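The chain contents come next:
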Amino acid sequence: MTTTKQRRRRGRTSGLVIGVTVVALAGTTPAAAARDAQPTWRDCAGQDMPAGMQCAAMEVPVDWGRPDGAKIELDLARLPATEPARRIGSVLGVPGGPGANGIDDLKRVASDLTELRRRFDLVAYKPRNNVWRDRTPPSCMEPGTTLFEPQGRKQYEALAAAMTKALKACRNADKSDLFAHMESLSVARDMDAVREALGEERLSFMANSYGGVPAAAYARLFPQRIRAMYLDGTINQVDGWPDQALRALPVREQLFTRFTTWCADTPACALHGQDAGAVWRKLVRDADRRPIPVTSSQFGKGELSGWHLRSFGFMSDPGPDNSRWLAFAEAVDKARAGDGSGFADFALGNARIWAAPGALAMTCADGRGYRSYAQLRKFLRQARKVSPNFGEAAFDALGCIGWPLPVANPSRPLPTRGLPPFLGVGSTWGDYAWTESFTRTIPGSVTVGYDGPGHVLYMSGKKCPIRYATTYLTDLRLPAPGTTCPAE
């Protein structure tokens, strides 16, 4: 019988051999870099830390193509298994955002993952894009332009030129050189350095939201290092960003129909007794012809076009006691009378952040932008066909059309040989289509649908998704295809 200690020793030895093979193919040395400085674990300081949490730090190269070059420090945290004699290994959290701090995530969900922690060390880290957030030059967070939906090739080229200028200026202001190395392949190599530093031959993962992009990159680079992969509300970058936007639109249409039905049955809705859908579509058409002037308390003066309203107006999640839908109906009612204040802060704020080079640096190198005006036009034709209410240029792709560097991690098919079956979970009110489109490419994988609103369900304390995640990660046992969780 093999003991836990023997498994760990054997894992470290075989990990070195396999790591050298992969590194030779990938042209990087994550395992060697991690071996140079094993982390020293200590009790975490701070009153908000869960009991028993340990902290450490490790260095990784800024540029994995130059492993002996400049380094950055990544903070680590772990909650050791509570039944060490039955310990299976480590589960590494892959945070979303991008730019979220995985340690903050672990602190938040620790009390909901006590069952999983019986058999696993729960490990979190601060990824390089979160390190970038702390070091971003202030000028990089100024928008390169005012985002808009281009109405012709000249406008497209003008938008691209403005964003290229701003992105290049941000890169020149960056003293860390992280700007050019934020793509998810670098993040995945960091993840493998964490694995090696933990002394694990293979890791189990819990990836959420944008964390699905580095999870896919890890599966591409290190398939033999994955024991299990749990995906919760993750993006499917493998199929491409336009494809993901198109998958989301029919779901949004269904939820908008649900809203209009609710409004028709709810006297408190500001559009009750009217055709709420028709009111919305007229408002958007009118705003496309004559944008609504607004003054935001946070962002000053601006204008709301139909593109702003389609992109940032409707909230799919009705909120507690339908509070978000009540607010949306009231905002629409005011906006058609010329008062766009109900949309101003959210719309102008998002239009600014998605034109800020410092934010775009975390996504553009993963291929998020439109590659050409022709691709944008093709997308718009498809989007407007499937979604008369929300078919528009994707706000999170427009800023990236000016990306000045090669796309280091383009969307492309994921080789699935050697990968274990994955478990996905997603809300059928939102991100299920993204997650399921990813997991279906991995043979034997299953995606559980959650019949209610929400995003990243295990982070929200939803008991049913957590139960399936725990069973899968512990026993490598998947639920039956078609399994759903009721809303909690």
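Residues numbered from 1 in each chain as written. Predicted model: local features only at pLDDT ≥ 70, side-chain atom pairs only at ≥ 80, totals over all residues. Heavy atoms only, no water.

Colleague: What's the story with the overall build of the chain in this structure? I'm lost.
Modeller: Helix and strand counts for the chain stand at 18 helices and 12 strands. When the backbone C-alpha atoms are referred to their principal axes, the chain occupies close to 75 × 50 × 45 Å. Looking at the 488 residues of the chain, the share that counts as buried comes to 56%. Long-range pairs, those at least 24 residues apart, make up 74% of the contacts in the chain with a sequence separation of at least 6. Counting every atom, the chain has about 20,900 Å² of accessible surface; 51% of that belongs to carbon and sulfur. One way to put it: in the chain the 62 positive side-chain charges average out to a point 4 Å from where the 49 negative ones average out. (Helix = DSSP H or I, 4+ residues; strand = E, 2+ residues; numbered from the N terminus. Buried < 20%, exposed > 50% of the residue type's maximum accessible area, 1.4 Å probe, protein only. Contact = heavy atoms within 4.5 Å. Areas by Shrake-Rupley, 256 points an atom, 1.4 Å probe, with all protein chains shown as cover. Lys, Arg positive; Asp, Glu negative; His and termini not counted. Charge placed at Lys NZ, Arg CZ, Asp CG, Glu CD.)

Colleague: Please clarify how helix H18 (residues 463–475) should be interpreted in this entry.
Modeller: Note that an α-helix has 3.6 residues per turn; residues three or four places apart therefore point the same way. When the terminal C-alpha atoms of H18 are compared, their 18 Å separation across 13 residues agrees well with the 18 Å that a helix rising 1.5 Å per residue should span. Along H18, the residues classified as buried are Cys464, Pro465, Ile466, Ala469, Thr470, Tyr472, Leu473 and Thr474. Positive phi shows up at Leu476, right after H18, with a value of about 55°. (Expected span 1.5 Å × (residues − 1).)

Colleague: Can you walk me through the sheet that holds strand E10 (residues 423–427) in this structure?
Modeller: Across a sheet, strands are paired by hydrogen bonds formed along the backbone, either parallel or antiparallel in direction. Overall, mixed pairing links the 10 strands, which are arranged E1-E2-E3-E5-E4-E6-E7-E10-E11-E12 in an open sheet. Each having just a single partner strand, strand E1 (42–43) and strand E12 (484–486) make up the two edges of the open sheet. As defined by bridge partners, E1 adjoins strand E2 (residues 54–61) across 2 bridges and the pair is classed as antiparallel. Residue Asp43 lies in a different strand from E2, and its bridge partner there is Gln54. Where helix H3 (residues 102–109) meets the sheet, it contacts strand E3 (71–79), strand E5 (120–125) and strand E6 (203–208), and its direction lies at approximately 140° from that of E5. (Pairing = 2+ DSSP bridges. Axes fitted to C-alpha atoms, helices over the stretch in contact; angles between N-to-C directions.)

Colleague: Quick question: what am I supposed to make of the environment of Ala361 here?
Modeller: Within the secondary structure, Ala361 sits in the loop between helix H14 (357–360) and helix H15 (373–386). Placed 311 residues apart in sequence, Ala361 and Pro50 show a C-alpha to C-alpha distance of 33 Å. Those residues within four positions of Ala361 in sequence are excluded, and the remaining contacts are Trp132, Phe179, Met182 and Trp403.

Colleague: Honestly, unusual backbone geometry in this entry has me stumped. Any pointers?
Modeller: Keep in mind that most residues, glycine aside, have a negative phi and that most peptide bonds are trans. Across the junction of Gly97 and Pro98, the peptide omega takes the value -5°, indicating a cis bond. Of note, Pro98 is situated in the loop between strand E4 (89–94) and H3. Phi angles above zero are rare outside glycine, and Ser209 is one such case at about 50°. Positionally, Ser209 belongs in the loop between E6 and helix H8 (212–221). Among the residues examined, Ser209 registers a relative accessible area of 16% and is labelled buried. A positive phi angle, close to 60°, is found at Asn322, a residue other than glycine. The topology assignment puts Asn322 in the loop between helix H11 (306–312) and helix H12 (323–335). The class of Asn322 is partly exposed, set by a relative accessible area of 25%.

Colleague: Mind showing me how you'd approach the environment of Arg310 here?
Modeller: Its location among the elements puts Arg310 in helix H11. What makes Arg310 buried here is its relative accessible area of 8%. For the pair Arg310 and Glu392, spaced 82 residues apart in sequence, the C-alpha to C-alpha distance is 7.0 Å. In contact with Arg310, other than residues within four places in its own chain, are Glu149, Arg252, Trp280, Val284, Asp288, Asn389, Phe390, Gly391 and Glu392.

Colleague: In this structure, what is going on with the packing of helix H9 (residues 241–264) against helix H10 (residues 276–289)? I would like to understand it.
Modeller: To describe two helices that pack against each other, one gives the angle between their axes and the distance between the axes. At a minimum axis separation of 9 Å, H9 and H10 run at an interaxial angle of 120°. Looking at the two axes, H9 sits oblique to H10. Mapping the contact onto sequence places Phe256, Phe259, Thr260 and Cys263 in H9 and Ala276, Gly277, Trp280 and Arg281 in H10. Residue composition of the contact of H9 with H10, by class: 5 nonpolar, 2 polar and 1 charged. (Parallel < 35°, antiparallel > 145°, perpendicular 65-115°, else oblique. Nonpolar A, V, L, I, M, F, W, Y, C, P; charged D, E, K, R; others polar.)

Colleague: Would you mind going over the nonpolar core with me for this structure?
Modeller: Grouped burial of nonpolar side chains is what soluble globular proteins tend to show. Grouped together as the largest cluster of nonpolar side chains are 108 residues, with contacts concentrated most on Phe205, Phe259, Trp280, Leu309, Phe343, Tyr370 and Phe422. Apart from residues no more than four positions distant in its own chain, Tyr370 is found in contact with Tyr156, Gln375, Leu376, Phe379, Ala393, Ala394, Ala397, Leu398 and Ile401. (Core = buried A, V, L, I, M, F, W, Y, C linked by side-chain atoms within 4.5 Å.)

So far we have only geometry, and geometry alone does not tell us how the molecule works.
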